[in-house]
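What follows is each chain in one-letter form.
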Amino acid sequence: MKRKSGNGLRLPSDCEYLSLDIESKTGVRIGATTLKRLFGFAKDERSPHASTLDAIARYLGYAHWDELSKIEDQGNSDFSSSDDELRSSDLQIGQEVEITYLPDRQVVLTYQGDNRYTVRVSENSKLQVGDEVEILNFVLHHPLLVMQVWRGGQSLGQFTAGRVSGLSTIRVI
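This is a predicted model, so every value here is computed, not measured. (Residues numbered from 1 in each chain as written. Predicted model: local features only at pLDDT ≥ 70, side-chain atom pairs only at ≥ 80, totals over all residues. Heavy atoms only, no water.)

Student: What's the story with the nonpolar core in this structure? I'm lost.
Tutor: Soluble globular proteins tend to pack their nonpolar side chains together in the buried interior. Grouped together as the largest cluster of nonpolar side chains are 20 residues, with contacts concentrated most on Ile99, Leu109, Tyr117, Val133, Ile135, Phe138 and Leu144. Elements that contribute at least two residues to this core include exactly β2 (96-101), β3 (105-113), β4 (116-123), β7 (144-151) and β8 (154-161). Not counting residues within four places of it along the chain, the set of residues in contact with Leu109 comprises Gln95, Glu96, Val97, Tyr117, Thr118, Val119, Val133, Ile135 and Phe138. Counting residues in each nonpolar core, the second largest holds 15 residues, with Ile30, Ala32, Tyr62 and Trp65 among its members. (Core = buried A, V, L, I, M, F, W, Y, C linked by side-chain atoms within 4.5 Å. Buried < 20%, exposed > 50% of the residue type's maximum accessible area, 1.4 Å probe, protein only. Helix = DSSP H or I, 4+ residues; strand = E, 2+ residues; numbered from the N terminus. Contact = heavy atoms within 4.5 Å.)

Student: Quick question: what am I supposed to make of the sheet that holds β4 here?
Tutor: Two modes of strand pairing occur in sheets, parallel and antiparallel, and in both the strands are linked by backbone hydrogen bonds. Read across the sheet, 7 strands follow the order β8-β7-β5-β4-β3-β2-β9 without closing on themselves; strand pairing throughout is antiparallel. Looking at the sheet topology across the chains shown, the edges are occupied by β8 and β9 (167-172). Between one strand axis and the next, the sheet turns through 30 degrees on average, direction left out of account. Pairing of β3 with β4 involves 7 bridges; the strand directions are antiparallel. Bridged to Thr110 within β4 is Thr118. (Pairing = 2+ DSSP bridges. Axes fitted to C-alpha atoms, helices over the stretch in contact; angles between N-to-C directions.)

Student: Whenever I open this one, the layout of surface pockets confuses me. Can you help?
Tutor: One water molecule sets the probe size; rolling that probe over the atoms shows where empty space is left. By volume, the second largest pocket amounts to about 280 Å³. Lys43, Glu45, Tyr101, Leu102 and Arg105 are, among the 16 residues lining the second largest pocket, the residues nearest its centre. By residue number, the principal contributor to the lining of the second largest pocket is β8, which donates 3 residues. For the lining of the second largest pocket, the residue count by class is 6 nonpolar, 5 polar and 5 charged. (1 Å grid on protein atoms, 1.4 Å probe; cavity = no way out; pocket = protein on both sides within 12 Å on 5 of 7 lines; lining within 4 Å. Points joined across faces, edges and corners; volume = space filled by probe spheres on them. Nonpolar A, V, L, I, M, F, W, Y, C, P; charged D, E, K, R; others polar.)

Student: Honestly, the packing of aromatic side chains in this entry has me stumped. Any pointers?
Tutor: Following the criterion strictly, the structure yields 2 aromatic pairs and no others. Ring geometry for Tyr111 and Tyr117: centres 5.0 Å apart, planes at 55 degrees, overall tilted. Plain terms: the ring middles of Tyr117 and Phe138 are 5.6 Å apart, the flat faces sit at 85 degrees to each other, and that makes the pair edge-to-face. Here the residue Tyr117 occupies a position in strand β4, and Phe138 occupies one in strand β6 (residues 137-139), the gap between them amounting to 21 residues. (Phe/Tyr/Trp six-rings, centres within 6.5 Å; stacked < 30°, edge-to-face > 60°.)

Student: Got a minute to help me understand the pairing of β8 in this structure?
Tutor: Two faces, one strand: in a regular strand the side chains alternate between the faces of the sheet. The sheet contact formed by β7 and β8 spans 6 bridges and is antiparallel. Of the residues in β8, the one forming a bridge with Arg151 is Gln154.

Student: How do you make sense of the environment of Arg163 when you look at a structure like this?
Tutor: With respect to the secondary-structure elements, Arg163 resides in the loop between β8 and β9. Judged by relative accessible area, Arg163 falls into the buried class, the value being 5%. Sequence-wise, Arg163 and His142 are 21 residues apart; in three dimensions their C-alpha atoms are separated by 7.6 Å. With near-sequence residues (within four places) excluded, Arg163 lies in contact with Arg37, Leu38, Phe39, Gly40, Phe41, Ala42, Asp44, Glu45, Arg46, Ser47 and Pro143.

Spelled out as structure tokens, the structure:
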């Protein structure tokens, strides 16, 4: 998004420009408030609508969100990784990842394969011990997008952690 818009997305006001740019290129209006929520500038636990995700995917040059997600799953070179990113595809089954985020949240996840984890430790998080989650990657100082949460065999949908200031730490333990 940053590269496509030519905007660093460092401030909440940058979302105003991005909103206009998305609308000019796709014909779909995504409000600046929605973008602020997605990029963690506004505190809100709601998940984005599928139409919002599809519009973002079109803005980035993909037909729809599922296509973009599949490419991300395959590690396409269009998505750069850095030392601040941990991809699920780089982990071995049984490895554990500890994440922290503000104000005082800690979650330890055990990797099960296929981008799936089991929550082993959860302190002050809405995730609960025993939840199963699907996560593509962890990026330091960015919100964590959990693609799917299952609790007791029931799907709870998407979950975003660290919306305001992102992940404080990411550690393979």
